[in-house]
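# Survey of secondary and tertiary structure
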Amino acid sequence: MNPLALMVFLISLAIGATTTMLSHHWLLAWIGLEINTLALLPIMMKTPHPRAIEAATKYFLTQATASALMLFSCLINALQTGEWNINNPHNLMTTPLSLAIMMKLGLAPLHFWLPEVLQGTPLSTGLILSTWQKIPPMILLLQISPNINLSLTIIMGLTSILIGGWGGIGQTQLRKIMAFSSIGHLGWIILILKLNPQLSLFSFILYIIMTTPMFLSLIMLSTTKMSQISISWTKNPAMMTTTMLILLSLAGLPPLTGFQPKLLIILELIKQNMIISATLTMLTSLLALFFYLRLTYIVTLTLSPSTHNSTTTWRTSMKPQLPSAITSIMALTLLPLTPAILLM
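Fair warning: this is a prediction, and the values are worked out from it, not measured in the lab.

The rules behind the values
- Residues numbered from 1 in each chain as written.
- Predicted model: local features only at pLDDT ≥ 70, side-chain atom pairs only at ≥ 80, totals over all residues.
- Heavy atoms only, no water.
- Helix = DSSP H or I, 4+ residues; strand = E, 2+ residues; numbered from the N terminus.
- Rg over C-alpha atoms; globule rule 2.2 N^0.38 Å.
- Areas by Shrake-Rupley, 256 points an atom, 1.4 Å probe, with all protein chains shown as cover.
- Lys, Arg positive; Asp, Glu negative; His and termini not counted.
- Charge placed at Lys NZ, Arg CZ, Asp CG, Glu CD.
- UniProt positions renumbered as here; feature names shortened; annotations may be inferred.
- Expected span 1.5 Å × (residues − 1).
- Buried < 20%, exposed > 50% of the residue type's maximum accessible area, 1.4 Å probe, protein only.
- Contact = heavy atoms within 4.5 Å.
- Core = buried A, V, L, I, M, F, W, Y, C linked by side-chain atoms within 4.5 Å.
- Salt bridge = Lys/Arg side-chain N within 4 Å of Asp/Glu carboxyl O.
- Domains from an automatic or database assignment.
- Buried area = accessible area lost by both parts, 1.4 Å probe.
- Polar contact = N/O pair within 3.5 Å; in protein donor to acceptor, adjacent residues only side chain to side chain.
- Axes fitted to C-alpha atoms, helices over the stretch in contact; angles between N-to-C directions.
- Parallel < 35°, antiparallel > 145°, perpendicular 65-115°, else oblique.
- Left-handed = near helix turned anticlockwise from the far one by under 90°.
- Nonpolar A, V, L, I, M, F, W, Y, C, P; charged D, E, K, R; others polar.
- Phe/Tyr/Trp six-rings, centres within 6.5 Å; stacked < 30°, edge-to-face > 60°.
- Lys NZ or Arg CZ within 6 Å of the ring centre and 35° of its normal.
- Patch = residues over 30% accessible without salt bridge, like charges linked within 9 Å, V, L, I, M, F, W, Y side chains within 5 Å.

For the protein, the helix and strand inventory stands at 16 helices and zero strands. Relative to a compact globule of 344 residues, whose C-alpha radius of gyration would be 20 Å, the protein shows 20 Å and is just as compact. Dimensions of the protein, computed from C-alpha atoms along their principal axes, come out at roughly 75 × 50 × 35 Å. When the accessible surface of the protein is summed, it comes to about 15,000 Å², and 72% of that surface belongs to carbon and sulfur atoms. Each charge class in the protein was averaged separately, 15 positive and 5 negative side chains, and the resulting centres sit 17 Å apart.

Here it is in structure tokens:
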């Protein structure tokens, strides 16, 4: 793709997300989301391949459906209340608005587009789709969280955690695994949205911090399948060790960063006397733990027998590693901050 065109699309992505995040008007927020969607489509199709075009088409149709439902709900809300203020939606329209935004996020059972779209796009586009594109809808959900239906968030959260774990078990494609990982993590975030929006925002930030280095590692190793990552140890042992630790952090194992949001969310559910929800959440998250551990085993504890006899170590081409290093450190070492967060 022409660098100038790519720069224009990336600037449009930034403008669209910023417009949505800073707006208090439903129409402006909707316009920002549309700019975001339309700016990402050419980036998804920068590789002229049938799968990329199919992924872009699925993404466009899903986002257009969610945008239509959102605009319809906003119009009815303006008709009922006489204003376009985001912080004061009409009770009748809160549920369709929430469903439209959750469809944009890819929460179960509105998740079917996300694994297919991620699978058909390059890893760099998958990184944007899994992190940056989820920020504007999440900010909108946080703004309407006082009026959101508690039963809806609990059902969507538990379903997403279940689907995120169940769907990832049988996958061999790393991009689909990351898609189901995203669905599972967003389920944890949505589960607590009504009860503690600040904790939801904190968990979302940690989700981005953990997902970013994972995608950057896959980009630097140029791997998209389990069969490729299983023979990557000889390419870059240090990178593979870090990747293993990031996977364990995504699984939520102590003493890594990923344990922090899970611990705080379970504590909040118990504090709200939602013991059954907390138990179901922990039980369904075991499914996700299984496929993370399986992937960790394949990454580090299996070594291909077809090692070469050369004494020269073969390395991947040098790519910018500073962003990966910084985000990897954050994805592994933020757990000691938990007492400070509990005091906030």
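The next subject is the UniProt feature "transmembrane region" (unreviewed entry) in the protein. Annotation from UniProt places "transmembrane region" (unreviewed entry) at residues 26-47, 59-80, 92-114, 150-170, 201-221, 233-254, 274-293 and 325-343. A distance of 28 Å separates the end C-alpha atoms of residues 92-114, which is 70% helix and 0% strand. Measuring from the first to the last C-alpha atom of residues 233-254 gives 24 Å, for a span that is 68% helix and 0% strand.

Turning to helix H8 (residues 150-169), a few remarks are in order. If you check H8, its first and last C-alpha atoms are 29 Å apart, about what 20 residues at 1.5 Å a residue would give, namely 28 Å. Every buried residue belonging to H8 is among Leu152, Thr153, Ile154, Met156, Gly157, Leu158, Ser160, Ile161, Gly164, Gly165, Gly167 and Gly168, and all of these are buried. Elements in contact with the buried residues of H8: helix H4 (91-105), helix H9 (174-191) and helix H14 (275-300).

You can see Pro237 is positioned in helix H12 (residues 237-251). Along the sequence, Pro237 and Phe215 sit 22 residues apart, while their C-alpha atoms lie 17 Å from each other.

Counting 34 residues, the largest nonpolar core has Leu174, Met214, Leu218, Ile229, Leu250, Tyr292 and Leu295 as its most contacted members. Elements with a contribution of two residues or more to this core: helix H6 (123-130), H9, helix H10 (197-221), helix H11 (226-229), H12, H14 and helix H15 (322-333). By residue number, the principal contributor to this core is H10, which donates nine residues. Those residues in contact with Met214, other than ones at most four positions away along the chain, are Met178, Thr243, Ile246, Leu247 and Leu250.

A word on the pattern of salt bridges. Scanning the entire structure with this criterion turns up four salt bridges. Between Glu116 and Lys58 there is a salt bridge, with its nearest N and O atoms 3.8 Å apart. Residue Glu116 is found in helix H5 (residues 113-119), and its partner Lys58 is found in helix H3 (residues 50-81); the two are separated by 58 residues along the sequence. For Glu116, a relative accessible area of 36% corresponds to the partly exposed category. Between Lys176 and Glu116 there is a salt bridge, and its shortest N-O distance comes to 3.4 Å. In this pair, Lys176 is assigned in helix H9 and Glu116 in helix H5, connecting sequence segments 60 residues apart.

Okay, the domain arrangement of the protein next. Looking at the assigned domains, one finds that the protein contains domain 1 (1-122) and domain 2 (149-305 + 321-343). Centre-to-centre separation of domain 1 and domain 2, based on C-alpha positions: 24 Å. Across the boundary between the two partners, domain 1 contributes 18 residues, which contact 17 residues of domain 2. Its largest share of buried area at the contact with domain 2, domain 1 owes to Leu107, Ala108 and Gln119, together 34% of the area lost on that side. One can count one salt bridge joining domain 1 with domain 2. For the pair domain 1 and domain 2, the number of links is five residue pairs in polar contact (both at pLDDT 80 or more). Listing elements by their share of the side of domain 1 that touches domain 2, those giving two or more residues are H4 and H5.

On to the packing of H9 against H14. Remark: H9 packs on H14, axes separated minimally by 12 Å, with the N-to-C direction vectors making an angle of 155°. Relative to H14, the element H9 is oriented roughly antiparallel. Considering only the axes of H9 and H14, their crossing is left-handed. The residues of H14 that touch H9, namely those facing Leu174, Ile177, Ser181, His185, Trp188 and Leu191, are Thr281, Ser285, Phe291, Tyr292 and Leu295. The residue makeup of the contact of H9 with H14, split by class, is seven nonpolar, four polar and no charged.

Interaxial distance between H8 and H9 falls to 7 Å at its minimum, and their mutual angle equals 155°. If you check the angle between H8 and H9, you find them roughly antiparallel. Here the hand of the crossing between H8 and H9 comes out left-handed. Between H8, through Thr153, Ile154, Gly157, Leu158, Ser160, Ile161, Ile163, Gly164, Gly167 and Gly168, and H9, the contact on the second element is made entirely by Ile177, Phe180, Ile183, Gly184, Gly187, Trp188, Ile190 and Leu191. Along the lines of polarity and charge, the residues of the contact of H8 with H9 split into ten nonpolar, eight polar and no charged.

A word on the packing of aromatic side chains. Geometry of an aromatic ring pair is reported as the spacing of the ring centres plus the angle between the planes. Following the criterion strictly, the structure yields three aromatic pairs and no others. Over the face of the ring belonging to Trp188 we find Lys262, whose NZ or CZ atom lies 5.1 Å from the ring centre.

Residues Leu4, Met7, Val8, Ile11, Ile15, Leu27, Leu28, Ile31 and Ile35 make up a contiguous nonpolar surface patch of roughly 750 Å² in combined accessible area. Listing elements by their share of the nonpolar patch, those giving two or more residues are helix H1 (3-22) and helix H2 (26-44). With five residues, H1 is the largest single contributor of residues to the nonpolar patch.

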